[in-house]
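# Close look at the chain arrangement
Listed here are the chains, written in short residue letters.
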Amino acid sequence: MLANVFDSRELAVQERAEAWRELTGQFLAPNEFDIEEPEAFGASLSAADLGDVQVAAMTYTALRSRRTPRLIRRSDPGQWVVGLILGGRQGIDQKGRQQWAEARELVLYTESHPYETRVEPTDGRGTAASVVARFDPADVPLPTRHLDRLLATPLSGSEGVGGLLGALLAQLATDTGPHRATATARLGGVFTDLLTGCLAHHLDLRDRTPTEHRRRLLLLQVRDFIRRRLGDADLSPSVIAAANHISPRTLHRLFEDSGTTVASYVRGQRLRRVREDLGDPGLASRPVHAIAGRWGFSRPSDFGRAFRRAYGVSPAAYREDRLRRVRGARPAPCGSWPVGEDQPQVR
């Protein structure tokens, strides 16, 4: 999904810092940079548009950046940014708040007000990494005056709705495969729903968001719960509803409104995981029935019929054909975001 835009290794050492400044000014917002060791500087950037949301994944060595009033007067598209720290740590100073965000934390800032950031690698390779998403605050159904309270404040990217948002951003940072335009637009909508839910949670404003948004967010959370418990053969609508503090009737209505049923969704996700494992050369010695049981199919005969209905071949025939054609290739990890799915995969 993300296209490689910049790799400093393709440039002469003396050209890298200036090229990075120009590039980030085009894809993000113009900043001033202080680079302590220009001769050792390295960076990369990949980017993509998800509808109205722009996503960029970056790696870089130590640096400081400043968004000054002069730069804002020159160019201010009014965008806000949420970033997920993937490696190293990032200090940010905006509107009087000075905080450090560590790996797996989210940080929110606006390009319409001055800020200063500092990036410090913490690994032996001397590089840090992050993925950022630029968005129009008008697309987030929360008052901007409330959003200001979260500027330059580290938020969890590994728990609750923040964990779902963090999982989506982390997956986008490594996803370089092709996606249909409809799929990318859908991901943009999911990003906005997750971001809204995360910010509303931290602001204690969940009841202030539109009813339809809350329904979409609830569906995302329920689907995540299901995917993390696919191996439980006793996973039932009543168990799912109770764990998510809703009635079975509400649960069924959520899935009906999305064009499917609870049972169909659970079965489809289990079949997807079984299919991934059957195509994994590292699991070639594991019996088919054991793989099916791992993902919640307790009756081999029921599993065999469901697999054949879904994919048109028996599980054994699928495995034989898949391993013959892609032996040595690894399947997409179960934590990936498959095309056609409108929710993040969270382990």
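Residues numbered from 1 in each chain as written. Predicted model: local features only at pLDDT ≥ 70, side-chain atom pairs only at ≥ 80, totals over all residues. Heavy atoms only, no water.

## Describing the nonpolar core
Judged by nonpolar contacts, the single largest core of 41 residues is most densely connected at F191, L194 and L199. Of all the elements in the fold, those that place two or more residues in this core are β3 (43–50), β4 (53–60), β6 (80–87), β9 (105–110), β11 (128–135), α4 (160–174), α5 (181–203) and α6 (211–227). Among the elements that make up this core, the one with the highest residue count is α5 (9 residues). Setting aside residues up to four positions removed in sequence, F191 forms contacts with V53, V82, A133, F135, L165, L168 and L169. (Core = buried A, V, L, I, M, F, W, Y, C linked by side-chain atoms within 4.5 Å. Buried < 20%, exposed > 50% of the residue type's maximum accessible area, 1.4 Å probe, protein only. Helix = DSSP H or I, 4+ residues; strand = E, 2+ residues; numbered from the N terminus. Contact = heavy atoms within 4.5 Å.)

## Quick look at the pairing of β9
For β9, a buried count of 5 out of 6 residues is recorded, marking the element as mostly surrounded by other parts of the structure. Alignment of β9 against strand β12 (residues 155–156), held across 2 bridges, turns out to be antiparallel. Paired with L106 across the two strands is L155, which belongs to β12. (Pairing = 2+ DSSP bridges.)

## Quick look at the environment of L150
Note that L150 resides in the loop between α3 (144–147) and β12. On the basis of relative accessibility, which here comes to 7%, the residue L150 falls in the buried class. Sequence separation between L150 and A47 is 103 residues; the distance between their C-alpha atoms is 25 Å. With sequence-adjacent residues up to four places away left out, L150 is seen in contact with L108, L155, L199, H202 and L203.

## Some remarks on the confidence of the model for the chain
For the chain, per-residue confidence averages 91 on the pLDDT scale, and 93% of positions sit at 70 or higher. Across residues 331–340, confidence stays below pLDDT 50; counting only partners more than four residues off in sequence or on other chains, it has 28 contacts. In this model residues 342–347 is a low-confidence stretch, pLDDT under 50, and it forms 37 contacts with partners more than four residues away in sequence or in other chains. (pLDDT = per-residue confidence, 0-100.)

## Regarding the pattern of salt bridges
Side chains carrying opposite charge are able to pair once their charged atoms draw close together. Taken as a whole and judged by the stated rule, the model has 21 salt bridges. Across the pair E111 and R134 runs a salt bridge, and its minimum N-O distance is 2.8 Å. Note that E111 is positioned in the loop between β9 and β10 (115–120) and R134 in strand β11, a separation of 23 residues in sequence. Judged on exposure class, the residue E111 and its partner R134 are both buried. The residue D204 makes a salt bridge to R206 at a minimum N-O spacing of 4.0 Å. Here the residues in one salt-bridge network are E32, D34, R66 and R70, joined through shared partners. (Salt bridge = Lys/Arg side-chain N within 4 Å of Asp/Glu carboxyl O.)

## Structural notes on the environment of L203
Looking at the element boundaries, L203 is found in helix α5. In this structure L203 comes out as buried when scored by relative accessible area, which is 4%. L203 has contacts with H146, L147, R149 and L150, leaving out every residue within four places of it along the chain.

## Here's the deal with empty space enclosed by the protein
The tally for this structure, following the rule as stated, stands at 3 cavities of 30 Å³ or more. Approximately 310 Å³ is the volume found for the largest cavity. Around the largest cavity, the lining is made up of 23 residues, and of these L28, M58, S65, Y109 and T117 lie nearest the centre. When residues of the lining of the largest cavity are traced back to their parent elements, those giving at least two are α1 (13–27), β4, β5 (63–67), β6, β9, β10 and β11. Broken down by element, the lining of the largest cavity gets its largest block of residues, 4 residues, from β6. A breakdown of the residues in the lining of the largest cavity according to their chemical character gives 15 nonpolar, 7 polar and 1 charged. (1 Å grid on protein atoms, 1.4 Å probe; cavity = no way out; pocket = protein on both sides within 12 Å on 5 of 7 lines; lining within 4 Å. Points joined across faces, edges and corners; volume = space filled by probe spheres on them. Nonpolar A, V, L, I, M, F, W, Y, C, P; charged D, E, K, R; others polar.)

## Some thoughts on the packing of α5 against α6
Direction vectors running N to C along α5 and α6 enclose 95°, while the axes themselves pass 10 Å from each other. As summarised for this structure, α5 and α6 are arranged roughly perpendicular, according to the angle between their axes. Note on element contacts: α6 touches α5 through H213, R216, L217 and L220, opposite V190, D193, L194, T196 and G197. Its residues placed into classes, the contact of α5 with α6 shows 4 nonpolar, 3 polar and 2 charged. (Axes fitted to C-alpha atoms, helices over the stretch in contact; angles between N-to-C directions. Parallel < 35°, antiparallel > 145°, perpendicular 65-115°, else oblique.)

## With respect to a negative patch on the surface
Taken together, D49, D52, D136 and D139 make up a surface patch of like negative charges. Turning to its location among the elements, D52 is positioned in the loop between β3 and β4. (Patch = residues over 30% accessible without salt bridge, like charges linked within 9 Å, V, L, I, M, F, W, Y side chains within 5 Å. Areas by Shrake-Rupley, 256 points an atom, 1.4 Å probe, with all protein chains shown as cover. Lys, Arg positive; Asp, Glu negative; His and termini not counted. Charge placed at Lys NZ, Arg CZ, Asp CG, Glu CD.)

## Notes on the sheet that holds strand β8 (residues 97–101)
The 5 strands lie next to each other as β2-β5-β10-β7-β8, forming an open sheet whose pairing is antiparallel. Looking at which strands have only one partner, the edges of the open sheet turn out to be β2 (32–34) and β8. Between one strand axis and the next, the sheet turns by 15° as a mean value, whatever way the strands run. In terms of strand pairing, strand β7 (residues 89–94) meets β8 through 5 bridges, oriented antiparallel. In the strand pairing of β8, G91 is matched with W100.

## Things to note about the packing of aromatic side chains
Tallied over the full model, the rule gives 11 aromatic pairs. If you follow R89 out to its NZ or CZ, it ends over the ring of W100, 3.8 Å from the centre. (Phe/Tyr/Trp six-rings, centres within 6.5 Å; stacked < 30°, edge-to-face > 60°. Lys NZ or Arg CZ within 6 Å of the ring centre and 35° of its normal.)

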